[in-house]
Amino acid sequence: DCFFKWSGPALRHLGGSALANPVLRAFGCRIGRDTLIHEPLQAFDWHAVDIGDNCVVQGQLQLHSFEHRLLTVKQTSIKSNSAINFGATVMGGAVLEPNTTVEGLGLVMKSMVLAPGVHSGSPVNLERAL
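Residues numbered from 1 in each chain as written. Predicted model: local features only at pLDDT ≥ 70, side-chain atom pairs only at ≥ 80, totals over all residues. Heavy atoms only, no water.

### Here's the deal with the overall build of the chain
Along the backbone of the chain there are 2 helices and 15 strands. Rg of the C-alpha trace for the chain: 14 Å, near the compact-globule value of 14 Å for 130 residues, within the 12% margin. The dimensions of the chain, computed from C-alpha atoms along their principal axes, are 45 × 40 × 20 Å. In the chain, buried positions account for 41% of the 130 residues. A fraction of 25% describes how many contacts in the chain between residues 6 or more apart in sequence connect residues 24 or more apart. In the form shown here, the chain has an accessible surface area of approximately 7,000 Å², with 57% of it arising from carbon and sulfur atoms. (Helix = DSSP H or I, 4+ residues; strand = E, 2+ residues; numbered from the N terminus. Rg over C-alpha atoms; globule rule 2.2 N^0.38 Å. Buried < 20%, exposed > 50% of the residue type's maximum accessible area, 1.4 Å probe, protein only. Contact = heavy atoms within 4.5 Å. Areas by Shrake-Rupley, 256 points an atom, 1.4 Å probe, with all protein chains shown as cover.)

### Examining the side chain of T76
Along the chain, T76 falls in strand β8 (residues 76-78). In this structure, T76 is in contact with A48, V49, D50, L63, V90, M91, G92, G93 and A94, ignoring residues within four places of it in sequence.

### Some details on the sheet that holds strand β12 (residues 100-102)
Strand order in this open sheet of 5 strands is β2-β4-β9-β12-β15, and the pairing throughout is parallel. The open sheet is flanked by β2 (36-37) and β15 (117-119), the only strands paired with a single partner. (Pairing = 2+ DSSP bridges.)

### Notes on the sheet that holds strand β5 (residues 60-62)
One open sheet holds the 3 strands; their spatial order is β5-β10-β13, and the pairing between them is parallel. Sheet topology places β5 and β13 (107-108) at the edges, where each strand pairs with a single neighbour. Pairing of β5 with strand β10 (residues 89-91), which is carried by 3 bridges, proceeds in the parallel orientation. Across the sheet, L61 pairs through a bridge with V90, a residue of β10.

### Some details on the environment of D34
Along the polypeptide, D34 turns up in the loop between β1 (30-31) and β2. Between the alpha carbons of D34 and C55 there is a distance of 7.1 Å; along the sequence they are 21 residues apart. In this view, D34 contacts N54 and C55; residues no more than four positions away in its chain are not counted.

### Digging into the environment of V90
Checked against the element boundaries, V90 lands in strand β10. Accessibility expressed as a relative area gives 0% for V90, which makes it buried. Taking the C-alpha atoms as reference points, V90 and G106, separated by 16 residues in sequence, lie 8.3 Å from one another. Look past the residues within four positions of V90 in its chain and what remains in contact with it is Q60, L61, Q62, T76, I84, L96 and V108.

Here is the structure:
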């Protein structure tokens, strides 16, 4: 709640630019250089994500879930030179290796590890990266 109250107005205007990154870092997000996050307010578990250099995040980051009535937050890693395209969703615990792209409307399930390449599908196909 504090995240939205304190940073909401600024992040609404700074989303999609590198100017949002210092605010996200102040809330615990480990975010690399030259990384753009289209909608920084769409995820509020910023302490649970590590985003590398030269990344673009236009999709959703669903870093928490409720399992057996317990809130579960899993560390997620989006390594350098990766892209999450519009409409894609990355769930908690996923690892995107360097140079990985998730195509639009793709779904990366909890704890998936994606090898470098282009991935599509809902859920993404681990065996066939383009």
